[in-house]
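# Analysis of the macromolecular model
Residue-level listing of the chains:
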Amino acid sequence: MRWTWFHRLASPPYLYGLAARLTPWFAWPAALLILGGLFAGLVLAPPDYQQGEGFRIIYVHVPSAWMSLMVYVTMGLAAAVGLIWRMKVAHAIAASCAPIGASFTVAALVTGSLWGKPMWGTWWVWDPRLTSELILLFLYLGFMGLRAGFDDTQRADRAGALLAIVGLVNVPIIHYSVIWWNSLHQAPSVLRFGKPTIPGAMLAPLLILLLGFTLFFAALLLVRVRAEILQRERTARWISETLSG
Amino acid sequence: MTPRQRRLGLVVGIIVGVSIAGGLALSAFRKHVTFFFDPSQVASGQAPVGESFRLGGMVANGTVQRAPGSLEVRFTVTDFAHDVPVSYTGVLPDLFREGAGVVAQGHLRSDGTFVADEVLAKHDEKYMPPAVAKSLKRRHGEARSDPGS
(Lines give C-alpha, C1' and ligand atoms only; values in the text may rest on other atoms or scores of the structure.)
Protein backbone atom coordinates (compact mmCIF):
# COMPACT_ATOMS: atom_id res chain seq x y z
CA MET A 1 0.00 0.00 0.00
CA ARG A 2 1.31 3.41 -0.98
CA TRP A 3 0.07 5.34 2.01
CA THR A 4 3.40 7.03 2.67
CA TRP A 5 2.17 10.39 1.27
CA PHE A 6 -0.74 10.28 3.68
CA HIS A 7 1.51 9.53 6.64
CA ARG A 8 3.91 12.26 5.59
CA LEU A 9 1.02 14.75 5.47
CA ALA A 10 0.27 13.84 9.06
CA SER A 11 3.66 15.20 10.13
CA PRO A 12 3.31 18.85 11.24
CA PRO A 13 6.76 20.02 10.02
CA TYR A 14 6.17 18.49 6.58
CA LEU A 15 2.69 20.02 6.21
CA TYR A 16 3.99 23.36 7.51
CA GLY A 17 6.61 23.49 4.78
CA LEU A 18 4.31 22.12 2.08
CA ALA A 19 1.63 24.70 2.87
CA ALA A 20 4.19 27.51 2.57
CA ARG A 21 5.34 26.26 -0.84
CA LEU A 22 1.80 25.72 -2.15
CA THR A 23 0.25 29.02 -1.02
CA PRO A 24 1.36 31.21 -4.00
CA TRP A 25 0.16 28.54 -6.46
CA PHE A 26 -3.36 29.10 -5.16
CA ALA A 27 -3.24 32.77 -4.16
CA TRP A 28 -2.15 34.24 -7.51
CA PRO A 29 -4.60 32.35 -9.76
CA ALA A 30 -7.30 33.17 -7.20
CA ALA A 31 -6.55 36.90 -7.37
CA LEU A 32 -6.48 36.89 -11.19
CA LEU A 33 -9.67 34.84 -11.53
CA ILE A 34 -11.58 36.94 -8.98
CA LEU A 35 -10.53 40.27 -10.54
CA GLY A 36 -11.21 38.99 -14.08
CA GLY A 37 -14.49 37.35 -13.07
CA LEU A 38 -15.72 40.48 -11.29
CA PHE A 39 -14.90 42.62 -14.33
CA ALA A 40 -16.67 40.14 -16.64
CA GLY A 41 -19.66 39.86 -14.33
CA LEU A 42 -20.10 43.48 -13.29
CA VAL A 43 -19.17 45.14 -16.61
CA LEU A 44 -19.26 42.75 -19.58
CA ALA A 45 -22.27 40.53 -18.81
CA PRO A 46 -25.64 41.76 -20.10
CA PRO A 47 -28.28 42.91 -17.59
CA ASP A 48 -31.19 40.62 -16.77
CA TYR A 49 -34.57 41.11 -18.48
CA GLN A 50 -36.45 41.31 -15.20
CA GLN A 51 -33.96 42.27 -12.51
CA GLY A 52 -31.96 44.73 -14.62
CA GLU A 53 -28.54 45.51 -13.16
CA GLY A 54 -29.54 44.19 -9.75
CA PHE A 55 -29.00 40.59 -10.78
CA ARG A 56 -25.22 41.18 -10.77
CA ILE A 57 -25.16 40.53 -7.04
CA ILE A 58 -25.23 36.81 -7.94
CA TYR A 59 -21.57 37.16 -8.89
CA VAL A 60 -20.76 37.58 -5.20
CA HIS A 61 -23.76 35.88 -3.62
CA VAL A 62 -23.65 32.54 -5.44
CA PRO A 63 -19.88 31.92 -5.03
CA SER A 64 -20.12 32.89 -1.34
CA ALA A 65 -23.06 30.56 -0.74
CA TRP A 66 -21.33 27.77 -2.68
CA MET A 67 -18.16 28.24 -0.62
CA SER A 68 -20.09 28.30 2.65
CA LEU A 69 -21.16 24.72 1.86
CA MET A 70 -17.87 23.56 0.40
CA VAL A 71 -15.86 24.84 3.35
CA TYR A 72 -18.24 23.04 5.69
CA VAL A 73 -17.81 19.75 3.83
CA THR A 74 -14.02 20.21 3.96
CA MET A 75 -14.25 20.94 7.68
CA GLY A 76 -16.50 17.95 8.37
CA LEU A 77 -14.31 15.55 6.39
CA ALA A 78 -11.12 16.85 8.04
CA ALA A 79 -12.76 16.47 11.44
CA ALA A 80 -13.79 12.88 10.61
CA VAL A 81 -10.27 12.02 9.44
CA GLY A 82 -8.87 13.58 12.61
CA LEU A 83 -11.25 11.59 14.76
CA ILE A 84 -10.80 8.24 13.02
CA TRP A 85 -7.05 8.31 12.38
CA ARG A 86 -6.19 10.42 15.46
CA MET A 87 -4.48 12.81 13.08
CA LYS A 88 -3.61 16.12 14.74
CA VAL A 89 -3.08 18.06 11.53
CA ALA A 90 -6.54 17.05 10.27
CA HIS A 91 -8.02 18.69 13.37
CA ALA A 92 -5.82 21.72 12.68
CA ILE A 93 -7.31 21.88 9.16
CA ALA A 94 -10.87 21.62 10.51
CA ALA A 95 -10.19 24.36 13.05
CA SER A 96 -8.73 26.58 10.31
CA CYS A 97 -11.78 26.12 8.08
CA ALA A 98 -14.35 27.45 10.53
CA PRO A 99 -13.67 31.23 10.46
CA ILE A 100 -13.32 31.16 6.65
CA GLY A 101 -16.60 29.30 6.24
CA ALA A 102 -18.37 31.56 8.70
CA SER A 103 -17.19 34.60 6.72
CA PHE A 104 -18.49 33.16 3.44
CA THR A 105 -21.80 32.36 5.13
CA VAL A 106 -22.13 35.93 6.41
CA ALA A 107 -21.30 37.23 2.92
CA ALA A 108 -23.98 34.98 1.37
CA LEU A 109 -26.59 36.03 3.94
CA VAL A 110 -25.82 39.77 3.67
CA THR A 111 -25.71 39.89 -0.14
CA GLY A 112 -28.90 37.82 -0.29
CA SER A 113 -30.60 40.19 2.09
CA LEU A 114 -29.50 43.26 0.08
CA TRP A 115 -30.93 41.63 -3.07
CA GLY A 116 -34.07 40.42 -1.33
CA LYS A 117 -35.23 43.88 -0.27
CA PRO A 118 -35.73 45.34 -3.76
CA MET A 119 -36.55 42.07 -5.58
CA TRP A 120 -38.70 40.09 -3.16
CA GLY A 121 -39.78 43.07 -1.08
CA THR A 122 -38.21 41.93 2.20
CA TRP A 123 -34.78 41.77 3.85
CA TRP A 124 -35.46 38.45 5.52
CA VAL A 125 -38.08 35.69 5.57
CA TRP A 126 -38.09 32.41 7.49
CA ASP A 127 -37.89 30.48 4.26
CA PRO A 128 -36.35 26.94 4.34
CA ARG A 129 -33.28 28.01 2.34
CA LEU A 130 -32.60 31.14 4.36
CA THR A 131 -33.23 29.41 7.68
CA SER A 132 -30.98 26.42 6.90
CA GLU A 133 -28.20 28.78 5.77
CA LEU A 134 -28.54 30.70 9.04
CA ILE A 135 -28.27 27.38 10.91
CA LEU A 136 -25.04 26.78 8.97
CA LEU A 137 -23.68 30.06 10.35
CA PHE A 138 -24.61 28.97 13.88
CA LEU A 139 -22.89 25.61 13.28
CA TYR A 140 -19.68 27.41 12.34
CA LEU A 141 -19.95 29.76 15.32
CA GLY A 142 -20.88 26.87 17.62
CA PHE A 143 -17.87 24.88 16.41
CA MET A 144 -15.55 27.83 17.10
CA GLY A 145 -17.15 28.52 20.46
CA LEU A 146 -17.05 24.88 21.53
CA ARG A 147 -13.36 24.62 20.65
CA ALA A 148 -12.60 27.83 22.51
CA GLY A 149 -14.32 26.39 25.59
CA PHE A 150 -11.61 23.76 26.14
CA ASP A 151 -8.12 24.52 27.45
CA ASP A 152 -6.88 21.13 26.31
CA THR A 153 -6.37 21.09 22.53
CA GLN A 154 -6.98 17.36 22.23
CA ARG A 155 -10.36 17.55 23.97
CA ALA A 156 -11.29 20.62 21.93
CA ASP A 157 -10.42 18.67 18.77
CA ARG A 158 -12.64 15.72 19.65
CA ALA A 159 -15.64 17.69 20.86
CA GLY A 160 -15.45 20.06 17.89
CA ALA A 161 -15.09 17.17 15.44
CA LEU A 162 -18.29 15.54 16.72
CA LEU A 163 -20.22 18.79 16.26
CA ALA A 164 -18.75 19.32 12.77
CA ILE A 165 -19.73 15.77 11.74
CA VAL A 166 -23.27 16.10 13.11
CA GLY A 167 -23.63 19.39 11.24
CA LEU A 168 -22.76 17.75 7.91
CA VAL A 169 -26.39 16.65 7.76
CA ASN A 170 -27.39 20.28 7.22
CA VAL A 171 -25.44 20.54 3.95
CA PRO A 172 -27.81 18.51 1.71
CA ILE A 173 -30.75 20.13 3.51
CA ILE A 174 -29.50 23.56 2.43
CA HIS A 175 -28.96 22.49 -1.15
CA TYR A 176 -32.30 20.68 -1.57
CA SER A 177 -34.37 23.05 0.59
CA VAL A 178 -35.60 24.90 -2.50
CA ILE A 179 -36.60 21.63 -4.20
CA TRP A 180 -38.14 19.69 -1.30
CA TRP A 181 -40.31 22.50 0.02
CA ASN A 182 -42.15 25.51 -1.28
CA SER A 183 -39.74 28.33 -0.67
CA LEU A 184 -39.36 31.96 -1.61
CA HIS A 185 -35.77 31.41 -2.71
CA GLN A 186 -35.50 30.35 -6.34
CA ALA A 187 -34.43 26.86 -7.40
CA PRO A 188 -30.83 26.24 -8.58
CA SER A 189 -29.96 27.68 -12.02
CA VAL A 190 -26.65 25.88 -12.51
CA LEU A 191 -26.44 22.75 -10.32
CA ARG A 192 -29.60 21.11 -11.64
CA PHE A 193 -30.66 18.29 -13.88
CA GLY A 194 -30.78 19.44 -17.47
CA LYS A 195 -29.36 22.61 -18.95
CA PRO A 196 -28.54 25.63 -16.79
CA THR A 197 -31.30 28.24 -16.93
CA ILE A 198 -28.77 31.02 -17.33
CA PRO A 199 -27.20 31.84 -20.73
CA GLY A 200 -23.47 31.44 -21.39
CA ALA A 201 -22.64 35.16 -21.35
CA MET A 202 -24.02 35.43 -17.82
CA LEU A 203 -22.85 32.00 -16.67
CA ALA A 204 -19.18 32.27 -17.71
CA PRO A 205 -18.25 35.02 -15.20
CA LEU A 206 -20.04 33.05 -12.49
CA LEU A 207 -18.01 29.90 -13.20
CA ILE A 208 -14.78 31.94 -13.26
CA LEU A 209 -15.69 33.40 -9.86
CA LEU A 210 -16.64 30.00 -8.45
CA LEU A 211 -13.19 28.70 -9.37
CA GLY A 212 -11.55 31.90 -8.10
CA PHE A 213 -13.35 31.71 -4.74
CA THR A 214 -12.42 28.04 -4.39
CA LEU A 215 -8.72 28.77 -4.96
CA PHE A 216 -8.98 31.77 -2.63
CA PHE A 217 -10.32 29.45 0.07
CA ALA A 218 -7.46 27.00 -0.55
CA ALA A 219 -4.89 29.79 -0.22
CA LEU A 220 -6.50 31.14 2.96
CA LEU A 221 -6.69 27.64 4.40
CA LEU A 222 -2.99 27.01 3.77
CA VAL A 223 -2.03 30.25 5.53
CA ARG A 224 -4.33 29.53 8.47
CA VAL A 225 -3.16 25.92 8.78
CA ARG A 226 0.43 27.14 9.15
CA ALA A 227 -0.60 29.54 11.90
CA GLU A 228 -2.60 26.78 13.59
CA ILE A 229 0.35 24.35 13.43
CA LEU A 230 2.69 26.98 14.89
CA GLN A 231 0.23 27.58 17.72
CA ARG A 232 -0.15 23.86 18.48
CA GLU A 233 3.51 22.92 18.18
CA ARG A 234 4.87 26.04 19.84
CA THR A 235 7.00 23.99 22.25
CA ALA A 236 8.34 21.57 19.61
CA ARG A 237 11.99 21.74 18.70
CA TRP A 238 11.48 21.71 14.91
CA ILE A 239 9.84 25.11 15.16
CA SER A 240 12.79 26.86 16.75
CA GLU A 241 15.03 25.10 14.25
CA THR A 242 12.86 26.10 11.27
CA LEU A 243 12.32 29.69 12.35
CA SER A 244 15.91 30.39 13.34
CA GLY A 245 17.31 28.55 10.33
CA MET B 1 -12.07 -4.81 15.45
CA THR B 2 -9.27 -2.30 15.77
CA PRO B 3 -9.85 0.95 17.66
CA ARG B 4 -9.61 2.80 14.34
CA GLN B 5 -12.40 0.71 12.81
CA ARG B 6 -14.47 1.31 15.93
CA ARG B 7 -14.00 5.07 15.54
CA LEU B 8 -14.87 4.84 11.84
CA GLY B 9 -18.04 2.98 12.80
CA LEU B 10 -18.82 5.64 15.39
CA VAL B 11 -18.51 8.45 12.84
CA VAL B 12 -20.61 6.61 10.24
CA GLY B 13 -23.13 5.79 12.96
CA ILE B 14 -23.41 9.44 14.00
CA ILE B 15 -23.99 10.56 10.41
CA VAL B 16 -26.59 7.86 9.72
CA GLY B 17 -28.34 8.42 13.06
CA VAL B 18 -28.52 12.19 12.75
CA SER B 19 -29.69 11.91 9.12
CA ILE B 20 -32.53 9.59 10.11
CA ALA B 21 -33.49 11.78 13.08
CA GLY B 22 -33.33 14.91 10.94
CA GLY B 23 -35.32 13.29 8.13
CA LEU B 24 -38.05 12.15 10.53
CA ALA B 25 -38.21 15.55 12.23
CA LEU B 26 -38.41 17.41 8.94
CA SER B 27 -41.10 15.13 7.53
CA ALA B 28 -43.09 15.47 10.77
CA PHE B 29 -42.87 19.26 10.52
CA ARG B 30 -43.41 19.25 6.79
CA LYS B 31 -46.42 21.58 7.04
CA HIS B 32 -44.46 24.10 9.07
CA VAL B 33 -41.31 23.93 6.97
CA THR B 34 -43.30 24.71 3.84
CA PHE B 35 -43.04 28.40 3.23
CA PHE B 36 -46.39 28.80 1.49
CA PHE B 37 -49.55 26.97 0.43
CA ASP B 38 -50.56 26.89 -3.21
CA PRO B 39 -54.13 27.50 -4.41
CA SER B 40 -54.83 23.75 -4.75
CA GLN B 41 -53.87 23.20 -1.12
CA VAL B 42 -56.13 26.10 -0.14
CA ALA B 43 -58.99 24.61 -2.20
CA SER B 44 -58.57 21.20 -0.55
CA GLY B 45 -58.64 22.79 2.89
CA GLN B 46 -55.02 22.14 3.87
CA ALA B 47 -54.32 25.79 4.63
CA PRO B 48 -55.19 26.93 8.18
CA VAL B 49 -58.62 28.56 8.39
CA GLY B 50 -59.07 31.78 10.32
CA GLU B 51 -55.38 32.36 10.92
CA SER B 52 -52.61 33.96 8.98
CA PHE B 53 -50.74 31.88 6.38
CA ARG B 54 -48.81 32.41 3.16
CA LEU B 55 -50.31 31.85 -0.26
CA GLY B 56 -47.99 31.25 -3.20
CA GLY B 57 -48.49 30.86 -6.93
CA MET B 58 -48.51 32.76 -10.19
CA VAL B 59 -50.21 36.09 -10.70
CA ALA B 60 -52.76 35.19 -13.37
CA ASN B 61 -52.41 37.17 -16.61
CA GLY B 62 -54.78 40.10 -17.00
CA THR B 63 -56.12 40.03 -13.45
CA VAL B 64 -54.18 42.89 -11.81
CA GLN B 65 -56.53 45.77 -11.06
CA ARG B 66 -55.53 48.90 -9.19
CA ALA B 67 -58.13 51.01 -7.44
CA PRO B 68 -57.69 54.62 -8.62
CA GLY B 69 -56.50 57.04 -5.92
CA SER B 70 -55.35 54.37 -3.48
CA LEU B 71 -52.69 51.67 -3.08
CA GLU B 72 -55.25 48.90 -3.23
CA VAL B 73 -54.47 46.13 -5.73
CA ARG B 74 -56.57 43.10 -6.62
CA PHE B 75 -55.25 40.12 -8.51
CA THR B 76 -55.75 36.37 -8.83
CA VAL B 77 -53.15 33.85 -7.69
CA THR B 78 -53.25 30.62 -9.65
CA ASP B 79 -51.41 27.30 -9.86
CA PHE B 80 -53.23 26.51 -13.13
CA ALA B 81 -55.58 24.14 -11.28
CA HIS B 82 -57.23 26.48 -8.77
CA ASP B 83 -57.49 30.26 -8.37
CA VAL B 84 -57.59 32.45 -5.29
CA PRO B 85 -58.55 36.13 -5.53
CA VAL B 86 -56.25 38.40 -3.51
CA SER B 87 -56.70 41.91 -2.21
CA TYR B 88 -53.72 43.93 -0.99
CA THR B 89 -53.09 47.52 0.03
CA GLY B 90 -49.48 48.64 -0.04
CA VAL B 91 -46.31 48.89 -2.08
CA LEU B 92 -45.50 45.96 -4.39
CA PRO B 93 -41.92 44.70 -4.91
CA ASP B 94 -40.02 45.30 -8.18
CA LEU B 95 -40.44 41.80 -9.53
CA PHE B 96 -44.22 41.71 -9.03
CA ARG B 97 -45.83 41.25 -12.42
CA GLU B 98 -48.49 39.24 -14.19
CA GLY B 99 -47.35 35.73 -15.06
CA ALA B 100 -44.64 35.80 -12.34
CA GLY B 101 -44.47 34.05 -9.00
CA VAL B 102 -45.74 35.70 -5.83
CA VAL B 103 -46.01 34.86 -2.14
CA ALA B 104 -48.58 36.73 -0.06
CA GLN B 105 -48.99 36.66 3.72
CA GLY B 106 -52.54 37.16 4.98
CA HIS B 107 -55.80 35.38 5.79
CA LEU B 108 -58.85 34.08 3.96
CA ARG B 109 -62.02 36.14 4.27
CA SER B 110 -65.31 34.27 4.51
CA ASP B 111 -66.14 35.18 0.89
CA GLY B 112 -63.01 33.31 -0.29
CA THR B 113 -60.89 36.40 -0.93
CA PHE B 114 -57.38 36.28 0.46
CA VAL B 115 -56.59 39.56 2.24
CA ALA B 116 -52.83 40.07 2.13
CA ASP B 117 -50.79 42.10 4.63
CA GLU B 118 -47.55 41.55 2.75
CA VAL B 119 -46.79 40.61 -0.85
CA LEU B 120 -43.39 39.20 -1.85
CA ALA B 121 -42.28 38.48 -5.40
CA LYS B 122 -40.87 35.01 -5.99
CA HIS B 123 -38.13 35.13 -8.55
CA ASP B 124 -37.69 32.09 -10.78
CA GLU B 125 -34.31 30.57 -11.59
CA LYS B 126 -34.24 31.92 -15.16
CA TYR B 127 -31.82 34.63 -16.19
CA MET B 128 -31.90 36.27 -19.61
CA PRO B 129 -30.48 39.33 -21.34
CA PRO B 130 -33.28 41.81 -22.26
CA ALA B 131 -32.76 41.35 -26.02
CA VAL B 132 -33.26 37.59 -25.75
CA ALA B 133 -36.37 38.08 -23.63
CA LYS B 134 -37.75 40.50 -26.20
CA SER B 135 -37.23 38.16 -29.16
CA LEU B 136 -38.65 35.23 -27.19
CA LYS B 137 -41.69 37.32 -26.41
CA ARG B 138 -42.10 38.30 -30.04
CA ARG B 139 -41.85 34.66 -31.14
CA HIS B 140 -44.38 33.42 -28.62
CA GLY B 141 -46.59 36.47 -29.01
CA GLU B 142 -47.21 36.28 -25.30
CA ALA B 143 -49.01 39.02 -23.47
CA ARG B 144 -46.49 39.64 -20.74
CA SER B 145 -46.15 42.82 -18.82
CA ASP B 146 -43.39 45.25 -19.75
CA PRO B 147 -40.03 43.75 -18.69
CA GLY B 148 -38.24 47.08 -18.82
CA SER B 149 -39.68 48.70 -15.70
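Residues numbered from 1 in each chain as written. Chains lettered and ligands numbered in written order. Predicted model: local features only at pLDDT ≥ 70, side-chain atom pairs only at ≥ 80, totals over all residues.

### Remarks on the overall build of chain B
Assigned secondary structure in chain B consists of four helices and six strands. When the helices and strands of chain B are placed in sequence order, the string is α-α-α-β-β-β-β-β-β-α. Sorting the 149 residues of chain B into buried and exposed places 25% on the buried side. Considering only intrachain contacts with a sequence separation of at least 6, the fraction spanning at least 24 residues in chain B is 44%. (Helix = DSSP H or I, 4+ residues; strand = E, 2+ residues; numbered from the N terminus. Buried ≥ 20, exposed ≤ 12 C-beta atoms within 10 Å, placed from the backbone. Contact = placed C-beta atoms within 7 Å.)

### Observations concerning the domain arrangement of chain B
Each assigned domain of chain B is listed with its residue range as follows: domain 1 (1-33) and domain 2 (35-140). Between the C-alpha centres of domain 1 of chain B and domain 2 of chain B there is a distance of 39 Å. (Domains from an automatic or database assignment.)

### Brief notes about the interface of chain B and chain A
It is common to give the size of an interface as the accessible area lost on bringing the parts into contact. Tallying the contact residues gives 34 residues for chain B and 36 residues for chain A. Elements that contribute at least two residues to the side of chain B that touches chain A include exactly α1 (3-28), β6 (114-122) and α4 (130-140) of chain B. Of the residues forming the side of chain B that touches chain A, the biggest block, nine residues, is contributed by α1(B).

### Observations regarding the packing of helix α4 (residues 88-119) of chain A against helix α5 (residues 128-148) of chain A
Residues and elements named next belong to chain A. The interhelical angle for the contact between α4 and α5, taken along N-to-C directions, is 150 degrees, at an axis separation of 9 Å. The angle between α4 and α5 places the two elements in the roughly antiparallel class. The hand of the α4/α5 crossing is left-handed. Packed against α4, whose contacting residues are A95, A98, P99, G101, A102, T105, V106, A108 and L109, the element α5 presents E133, L134, L136, L137, Y140, L141, F143, M144 and R147 at the interface. Partitioned by chemical class, the residues of the contact of α4 with α5 number 14 nonpolar, two polar and two charged. (Axes fitted to C-alpha atoms, helices over the stretch in contact; angles between N-to-C directions. Parallel < 35°, antiparallel > 145°, perpendicular 65-115°, else oblique. Left-handed = near helix turned anticlockwise from the far one by under 90°. Nonpolar A, V, L, I, M, F, W, Y, C, P; charged D, E, K, R; others polar.)

### A look at the packing of helix α3 (residues 58-85) of chain A against helix α6 (residues 153-167) of chain A
Packed helices, taken two at a time, are described by their axes: the angle between them and the distance between them. Residues and elements named next belong to chain A. Between α3 and α6, the least distance of the axes is 8 Å, while the angle of their chain directions is 130 degrees. Accordingly, the angle class assigned to the pair α3 and α6 is oblique. α6 is crossed by α3, and the crossing has left-handed handedness. Contacts between α3 and α6 involve Y72, M75, G76, A79, A80, G82 and L83 from the first element and D157, R158, G160, A161, A164, I165 and G167 from the second. For the contact of α3 with α6, the residue count by class is eight nonpolar, four polar and two charged.

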